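# Examination of the molecular architecture
Each chain, written out:
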Amino acid sequence: NAGVTQTPKFRILKIGQSMTLQCTQDMNHNYMYWYRQDPGMGLKLIYYSVGAGITDKGEVPNGYNVSRSTTEDFPLRLELAAPSQTSVYFCAIPGGVGRTGELFFGEGSRLTVL
Amino acid sequence: KNEVEQSPQNLTAQEGEFITINCSYSVGISALHWLQQHPGGGIVSLFMLSSGKKKHGRLIATINIQEKHSSLHITASHPRDSAVYICAPFATNKLIFGTGTLLAVQP
């Protein structure tokens, strides 16, 4: 997916461990989003950012933290992993002009917490 | 009630059929996206609409902002169109996702 790099693609964590999902974009866009997708469910917004230094909670922020120190990077941190956080995580940015342009998604990060 | 409702949830079609997927939403929006997710999991943006109709190849998307409804049409469907199609209205800086329509096109 053009412009959005998401890592890692797969990760297995033990309960209580911590990790950071990385998302980097090269499209110089202010808006960035983190979603999780559970089997058979729609994507749920975890956190989003409208610019460097500005973040806000989405629908399901509990258990996660984010930061946005630069326009390019929007890492998502899990502090104390729980089985309920087993999911596929997607980072996304609107790629077009303005905030409602075409969306670009990272390839997804499949996280399993055991 | 969910803010975004898609129908049908599952759809099986024969190759060549005309397909329609519907999306209704209850919030005020500035635009709406249609997305495609293949079995491998990657998500691709198909359309962004704020009014009227857009066409790209065999895909057509329409939206009626007043009626809070959008449709995605696929003409001359093909097995490679098999995927999950997701409607995502954009409201107040955020996207709201439908649960998707699982389309299977059989040869």
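Attention in this report is confined to the structure presented alongside it. Being a predicted model, the structure only gives us computed values, none of them experimental. (Residues numbered from 1 in each chain as written. Chains lettered and ligands numbered in written order. Predicted model: local features only at pLDDT ≥ 70, side-chain atom pairs only at ≥ 80, totals over all residues. Heavy atoms only, no water.)

## Details of the sheet that holds strand E3 (residues 19-25) of chain B
Residues and elements named next belong to chain B. Across the sheet, which stays open at both edges, the five strands sit in the order E1-E3-E8-E7-E6 with antiparallel pairing between neighbours. Of all the strands in the sheet, just strand E1 (4-7) and strand E6 (52-56) have a single pairing partner and so form its edges. Going across the sheet, the axis of each strand differs from the next one's by a mean of 15 degrees, ignoring polarity. The sheet contact formed by E1 and E3 spans four bridges and is antiparallel. Note that in E3 the partner of Val4 across the bridge is Tyr25. (Pairing = 2+ DSSP bridges. Helix = DSSP H or I, 4+ residues; strand = E, 2+ residues; numbered from the N terminus. Axes fitted to C-alpha atoms, helices over the stretch in contact; angles between N-to-C directions.)

## Considering the state of the cysteines
All names here are of chain B. Applying the stated rule across the entire model yields two disulfides over all chains. Between the sulfur atoms of Cys23 and its disulfide partner Cys87 the distance amounts to 1.9 Å. Judged by the sign of its S-S torsion, about -55 degrees, the bond between Cys23 and Cys87 is left-handed. Of the two residues, Cys23 sits in strand E3 while Cys87 sits in strand E9 (residues 83-91), which places them 64 residues apart along the sequence. The residues Cys23 and Cys87 share a single accessibility class, namely buried. (Disulfide = S-S within 2.5 Å. Buried < 20%, exposed > 50% of the residue type's maximum accessible area, 1.4 Å probe, protein only.)

## Considerations on the pattern of salt bridges
All names here are of chain A. Per the stated rule, a full pass over the model turns up five salt bridges over all chains. One salt bridge connects Glu59 with Lys44, and the closest N-O pair in it is separated by 4.0 Å. Taken as a pair, Glu59 in the loop between strand E6 (54-57) and strand E7 (64-66) and Lys44 in strand E5 (residues 44-51) lie far apart in primary sequence, 15 residues in all. By relative accessible area, Lys44 is classed as partly exposed at 31%. Measuring nitrogen to oxygen at the nearest pair gives 3.1 Å for the salt bridge that ties Glu79 to Arg77. (Salt bridge = Lys/Arg side-chain N within 4 Å of Asp/Glu carboxyl O.)

## A few points about the packing of aromatic side chains
All names here are of chain A. Per the stated rule, a full pass over the model turns up seven aromatic pairs over all chains. Taken together, a centroid distance of 6.4 Å and an interplanar angle of 85 degrees make the contact between Phe90 and Phe105 edge-to-face. Of the two residues, Phe90 sits in strand E9 (residues 87-94) while Phe105 sits in strand E10 (residues 103-105), which places them 15 residues apart along the sequence. Summarising the burial analysis for this pair, Phe90 and Phe105 share the class buried. For the cation-ring pair, Arg68 lies above Phe74, with the distance from its terminal atom to the ring centre recorded as 5.9 Å. (Phe/Tyr/Trp six-rings, centres within 6.5 Å; stacked < 30°, edge-to-face > 60°. Lys NZ or Arg CZ within 6 Å of the ring centre and 35° of its normal.)

Fair warning: the whole summary comes from geometry, so function is off the table for now.
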